[in-house]
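# Observations on chain architecture
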Amino acid sequence: MARPDPRFRPARAGLLLPLLAAGLSSAALAAEDTQLQRGRELFTAKAAPPCAVCHTLAAAGSSGEVGPVLDELKPDAARVRRVLQSGLGVMPSYAGKLDAADMEALAQFVSRSAGSVKP
């Protein structure tokens, strides 16, 4: 059996890798969009109580007056996760109310929307 000419391998790989990366990027972006949408739903209505009742966040169209203005605070995702897990001040813990995936969705939505993370 003839051995393939090695000069052609880089060309094939050079065409295939960007196509694979583009497909993976599209799938990753779709998953990220779904997570951020879930975070927005939880923030505005589906968490109990919804975050929007107390917090102002422009991306959510909320203007709560009890908690800090998240657009000014700009918390990162780790901080949001900690506060959701443990509570802080008058804010209750959501540990028994939200699962890990919902907490992550909320953390990503808040941190990205408030501007601590650039997409």
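Residues numbered from 1 in each chain as written. Predicted model: local features only at pLDDT ≥ 70, side-chain atom pairs only at ≥ 80, totals over all residues. Heavy atoms only, no water.

Let's shift gears to the packing of helix H3 (residues 77-86) against helix H4 (residues 100-114). Two elements in contact, H3 and H4, have axes separated by 8 Å at closest approach and are oriented at 135°. Viewed along their axes, H3 and H4 adopt a mutual orientation that is oblique. In terms of crossing hand, the pair formed by H3 and H4 is right-handed. Taken together, the residues of H4 that come into contact with H3 (itself represented by Ala77, Val80, Arg81, Leu84 and Gln85) are Met103, Glu104, Leu106, Ala107, Gln108, Val110 and Ser111. (Axes fitted to C-alpha atoms, helices over the stretch in contact; angles between N-to-C directions. Helix = DSSP H or I, 4+ residues; strand = E, 2+ residues; numbered from the N terminus. Parallel < 35°, antiparallel > 145°, perpendicular 65-115°, else oblique. Left-handed = near helix turned anticlockwise from the far one by under 90°. Contact = heavy atoms within 4.5 Å.)

What follows concerns unusual backbone geometry. The residue after Ala48, namely Pro49, is reached through a cis peptide bond having omega 0°. Relative to the helices and strands, Pro49 is located in the loop between helix H1 (9-46) and strand S1 (56-57).

Turning to the nonpolar core, a few remarks are in order. Counting residues in each nonpolar core, the largest one holds 21 residues, and the members touching the most others are Phe43, Leu57, Leu106, Phe109 and Val110. Put simply, the parts of the chain that give this core at least two residues each are H1, H3 and H4. (Core = buried A, V, L, I, M, F, W, Y, C linked by side-chain atoms within 4.5 Å. Buried < 20%, exposed > 50% of the residue type's maximum accessible area, 1.4 Å probe, protein only.)

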